[in-house]
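Fold and geometry: a report
Listed below, chain by chain, are the residues.
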Amino acid sequence: DAMLDMRMLIFELHPPALQEAGLATALQARLTSVEARAGLRTEISVTGERELPLSIAEELFWIAVEALNNIVKHASARRATIALQFDDRSVCLEISDDGTGFDVAQAAASGGMGLRGIEERVQRLEGTLEVNSRLGEGTSLRVRAQA
């Protein structure tokens, strides 16, 4: 049991799909899992894909995981999309949903771990985070990092 627990912890830290196939493939696998578990329609689009340093890919992957967890837990969304855009110097990850939306300032002040964890990961990337949400209109989260 301890060995199985150790393997699961290692997987959680470094998902094999991320190293083997890259960020876009790992995100697609995660979306498929979320779709099956939550009945959420999902879609991913990728523009200009290229290999990223593993440390950047991991941070972006876990940001997406947290955002998707928040969508499933709180948004009552029917649809979620991920857009991943690469250019020569940066990568942009955008996650959107058609859920209930929320007050961003109130969520930040409430001390919840979801957005705070995302903000900490974006800081480690020395990137930027933009969260747009309107009650009844869904949410969009955009992260841009140099890569």
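The structure reproduced in this document is the subject of the present report. The residue count restarts for each chain, going from 1 along the sequence in the order it is written. Restriction of local features to residues with pLDDT of at least 70 applies here, the model being predicted, together with a cutoff of 80 or more for giving and counting side-chain atom pairs; totals for whole chains, interfaces and linings are based on all residues. Water and hydrogen atoms were dropped before computing side-chain values, which therefore reflect all heavy atoms in the structure.

**Overview of the nonpolar core**
As used in this record, nonpolar core signifies buried Ala, Val, Leu, Ile, Met, Phe, Trp, Tyr and Cys residues forming a set joined through side-chain atoms within 4.5 Å. We call a residue buried when its accessible area falls under 20% of the maximum for its residue type, exposed when it is over 50%, and partly exposed in between, using a 1.4 Å probe and counting protein chains only. In terms of nonpolar packing, the biggest core is built from 38 residues, with Leu23, Leu27, Leu60, Ile63 and Leu93 touching the most fellow members. Secondary structure follows DSSP: runs of H or I at least 4 residues long count as helices, runs of E at least 2 residues long count as strands, and numbering of each begins at the N terminus. Elements represented by at least two residues in this core include exactly helix H3 (23–38), helix H4 (54–75), strand E2 (79–86), strand E3 (90–97), helix H6 (113–125) and strand E5 (138–146). At twelve residues, the largest contribution of residues to this core is made by H4. If we ignore the near neighbours within four places in the chain, the residues touching Leu93 are Leu27, Leu60, Ile63, Ala64, Ile82, Ala83, Leu84, Leu141, Arg142 and Val143. Residue contacts are counted whenever heavy atoms from the two residues lie within 4.5 Å of one another.

**Section: the pairing of strand E4 (residues 128–134)**
Along a regular strand, successive side chains alternate from one face of the sheet to the other. Two strands pair if DSSP finds at least two bridges between them. Two elements, E4 and E5, share seven bridges in a ladder whose sense is antiparallel. Bridging across to E5, Val131 finds its partner in Leu141. Where E4 folds back on E5, the antiparallel hairpin that results is connected by three residues, among which Gly136 adopts a positive phi of roughly 80°.

**Here we look at H6**
Expected helix span is computed as 1.5 Å times (number of residues minus one). Taking 1.5 Å per residue as the helical rise, H6 with its 13 residues ought to reach 18 Å, and the 18 Å between its terminal C-alpha atoms agrees with that figure. Every buried residue belonging to H6 is among Gly114, Leu115, Ile118, Val122 and Leu125, and all of these are buried. The arc that holds the buried residues of H6, viewed along the axis, is 90°, so those residues lie on one side. Looking at H6, the residues exposed on the side facing more than 90 degrees away from the buried face are Met113, Gln123 and Arg124. Against the buried residues of H6 lie H4, helix H5 (104–109), E4 and E5. Among the residues trailing H6, Glu126 stands out with phi positive, at a value near 55°. The directions from the helix axis to the C-beta atoms form the arc being described.

**Considering the pattern of salt bridges**
Once the charged atoms of two side chains with opposite charge are near each other, the side chains can pair. By definition here, a salt bridge exists when the distance from a side-chain nitrogen of Lys or Arg to a carboxyl oxygen of Asp or Glu is within 4 Å. All chains considered together, the criterion is met by seven salt bridges. Between Glu59 and Arg121 there is a salt bridge, with the nearest N and O atoms lying 2.8 Å from each other. In this pair, Glu59 is assigned in helix H4 and Arg121 in helix H6, connecting sequence segments 62 residues apart. Ionic pairing is found between Glu130 and Arg142, a salt bridge with its closest N-O pair at 3.6 Å. With a gap of twelve residues between them, Glu130 in strand E4 and Arg142 in strand E5 connect regions that are remote in the sequence. Judged by its relative accessible area of 36%, Glu130 falls in the partly exposed class. One salt-bridge network, held together by shared partners, links Glu59, Arg121 and Arg124.

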